[in-house]
Amino acid sequence: MAGTTCGADRPVRTIAVLNQKGGVGKTTTAVNLGAALAEAGRRVCLIDLDPQAHLTLHLGIDISPDGHSVYDLLIDPACEVTHCLVRARESLDVIPAEVDLAGAEAELADHPDRQRLLRHKLAAFTDSYDFVFVDCPPSLGLLTLNALSLAGEVFVPMQAHFLALQGVGKLLQTVQLVRRSVNPALQVTAIVVCMHEAQTTLAREVIADLDAFFDAARSQEVPWRNCRVLRPPVRRNVKLAEAPSFGKTIFDYAPWCAGANDYRKLAERLVAETQQLPAAPEIVTLPASTAPQERVPVAAEPPPRISTAPDPVQ
Ligand SMILES: Nc1ncnc2c1ncn2[C@@H]1O[C@H](COP(=O)(O)OP(=O)(O)OP(=O)(O)O)[C@@H](O)[C@H]1O
Ligand SMILES: [Mg+2]
């Protein structure tokens, strides 16, 4: 594969792009951040784990009738990753999805290790990349759990709205539970502000709240202690909304628009920080039989608008 890599000793960064709220910019971020990193010469793999198959459509990937997708990878023990891998662009590979993925959760209901199927299929394979992004569906079901058991990190795209803060609190709680059950190494490492409207006071206040919340967590033993709100926020830009209908990334469609510039800058930042990373952290796994544990008290004191406390009814 062409391009300069992050370095042979750099660990792959496997990132679940997750927010249970719909329409916040998950797919747009996975596609365009991935494409920006590939343009910068990094080896990138995108995994479409959403039955809507928006990432696959966004990249204009057409699966042939006898082709394979992530559904086959999850359901069919004989299906290997090489059967479904598609080269979408230079340095950019994709494991695509089709709508049949919607049936996977029900079909896997009785599988004893259903939360870790993706990890088992892909753990060794991901080592040949610098970055792997998993585009999650807008839910916290079995597909998302598979993404979280494979990933080392979670990136949370969100819009800087007041109600979105509550959703982030819920998401952090979920990651804490997953860390206790299926993936003890999982960390939330970035918030990506999408569809940013810089001129609004609300957006500035929400970002300031998020900054304060994550700064307060730095000294705490929580899976978001290394999380930060990435700069720059990705501005609302109609070109980003138009590109999917042409099956193009923003760099194919309008390479110098504001949206392309924002994702390019985010990619530069990730490349720079990845070069500072130490050797690969040891991955710790829990036995398959370990059940999700109780909700854990959260040590970091959040600003009042972000709560990671369990709901009183649960
Ligand atoms: N910065 C932006 N400016 C303008 N439009 C955007 C921007 N980011 C995303 N969009 C558009 O907003 C819509 C939702 O984005 P996207 O599909 O990435 O969200 P999502 O979180 O993946 O949604 P879902 O939860 O349904 O999977 C899409 O039409 C997308 O093109
Ligand atoms: Mg999506």
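Everything in this summary refers to the structure shown in the same document. (Residues numbered from 1 in each chain as written. Chains lettered and ligands numbered in written order. Predicted model: local features only at pLDDT ≥ 70, side-chain atom pairs only at ≥ 80, totals over all residues. Heavy atoms only, no water.)

With that settled, consider the sheet that holds strand E2 (residues 44-48). Backbone-to-backbone hydrogen bonds join strands into a sheet, with any given pair of strands oriented parallel or antiparallel. Ordered in space as E3-E4-E2-E5-E1-E6-E7-E8, the eight strands form an open sheet in which the pairing is mixed. Lying at the two open borders of the sheet, with one neighbouring strand each, are strand E3 (86-89) and strand E8 (228-229). (Pairing = 2+ DSSP bridges. Helix = DSSP H or I, 4+ residues; strand = E, 2+ residues; numbered from the N terminus.)

In this section: the side chain of threonine 144. Among the secondary structure elements, threonine 144 is positioned in helix H7 (residues 142-150). Given the relative accessible area of 2%, threonine 144 is considered buried. At 2.7 Å, the side chain of threonine 144 forms a polar contact with the backbone oxygen of serine 139. What threonine 144 contacts, discounting residues up to four positions off in sequence, is Leu18, Cys136, Pro137 and Ser139. (Buried < 20%, exposed > 50% of the residue type's maximum accessible area, 1.4 Å probe, protein only. Polar contact = N/O pair within 3.5 Å; in protein donor to acceptor, adjacent residues only side chain to side chain. Contact = heavy atoms within 4.5 Å.)

This next bit is on the packing of aromatic side chains. Here the structure, examined in full by the defined rule, presents six aromatic pairs. Ring centres of phenylalanine 213 and tryptophan 224 lie 6.4 Å apart, and the angle between their planes is 20 degrees; this geometry places the pair in the stacked category. With a gap of eleven residues between them, phenylalanine 213 in helix H9 (residues 201-217) and tryptophan 224 in the loop between H9 and E8 connect regions that are remote in the sequence. In this structure an aromatic cluster arises from ring pairing among Phe131, Phe133 and Phe155. (Phe/Tyr/Trp six-rings, centres within 6.5 Å; stacked < 30°, edge-to-face > 60°.)

Moving on, we get to the packing of helix H1 (residues 26-39) against helix H12 (residues 258-276). As a packed pair, H1 and H12 sit with axes 8 Å apart at the nearest point and diverge in direction by 65 degrees. Crossing angle aside, the handedness with which H1 passes H12 is right-handed. When H1 is examined against H12, the residues Thr28, Thr29, Asn32, Leu33, Ala36 and Leu37 are found in contact with a partner set consisting of Tyr263, Arg264, Leu266, Ala267, Leu270 and Val271. (Axes fitted to C-alpha atoms, helices over the stretch in contact; angles between N-to-C directions. Left-handed = near helix turned anticlockwise from the far one by under 90°.)

We now examine the packing of helix H8 (residues 162-181) against H9. The interhelical angle for the contact between H8 and H9, taken along N-to-C directions, is 25 degrees, at an axis separation of 10 Å. Taken together, the axis directions place H8 and H9 in an arrangement best described as roughly parallel. When the axes of H8 and H9 are compared, the crossing they make is right-handed. Seen from H8, the contacting residues are Phe162, Leu165 and Leu172; seen from H9, they are Leu202, Val206, Asp209, Leu210, Phe213 and Phe214. Residue composition of the contact of H8 with H9, by class: eight nonpolar, no polar and one charged. (Parallel < 35°, antiparallel > 145°, perpendicular 65-115°, else oblique. Nonpolar A, V, L, I, M, F, W, Y, C, P; charged D, E, K, R; others polar.)

Take the nonpolar core next. Ranked by internal contacts, the top residues of the largest apolar core, which has 62 residues, are Ile47, Ile95, Leu122, Ile191, Leu210, Phe214 and Trp224. Setting aside its immediate chain neighbours within four residues, isoleucine 191 contacts Val156, Met158, Val168, Leu210, Phe214, Cys227, Arg228, Val229 and Leu230. Judged by nonpolar contacts, the second largest core, of 38 residues, contains Val31, Leu37, Leu92 and Phe155. (Core = buried A, V, L, I, M, F, W, Y, C linked by side-chain atoms within 4.5 Å.)

Once that is clear, we can look at the site of ligand 1. Around ligand 1 lies a shell of 17 residues, among which Lys26, Thr27, Thr28, Arg235 and Asn237 are the nearest. Glycine 25 has a polar backbone atom sitting 3.0 Å from an oxygen atom of ligand 1. Separating a nitrogen atom of ligand 1 from a backbone N or O atom of arginine 235 is a distance of 3.0 Å. Look at ligand 1: alone it shows 630 Å² of surface, and the protein chains cover 82% of it. Because more than half of its atoms lie within 2 Å of the grid, ligand 1 is assigned to the second largest pocket. Those elements that provide at least two residues to the shell around ligand 1 are H1 and helix H10 (238-242). (Near = heavy atom within 4 Å. Areas by Shrake-Rupley, 256 points an atom, 1.4 Å probe, with all protein chains shown as cover. 1 Å grid on protein atoms, 1.4 Å probe; cavity = no way out; pocket = protein on both sides within 12 Å on 5 of 7 lines; lining within 4 Å. Sits in = over half its atoms within 2 Å of the grid points.)

Our next topic: the pattern of salt bridges. In this structure the tally under the stated criterion is 13 salt bridges. A salt bridge links arginine 13 to glutamate 153; the shortest N-O distance between them is 2.8 Å. Of this pair, arginine 13 sits in strand E1 (residues 13-17) while glutamate 153 sits in strand E6 (residues 153-158); the two residues are 140 residues apart in sequence, bridging distant segments of the chain. Taken as a pair, arginine 13 and glutamate 153 share a single burial class, namely buried. (Salt bridge = Lys/Arg side-chain N within 4 Å of Asp/Glu carboxyl O.)

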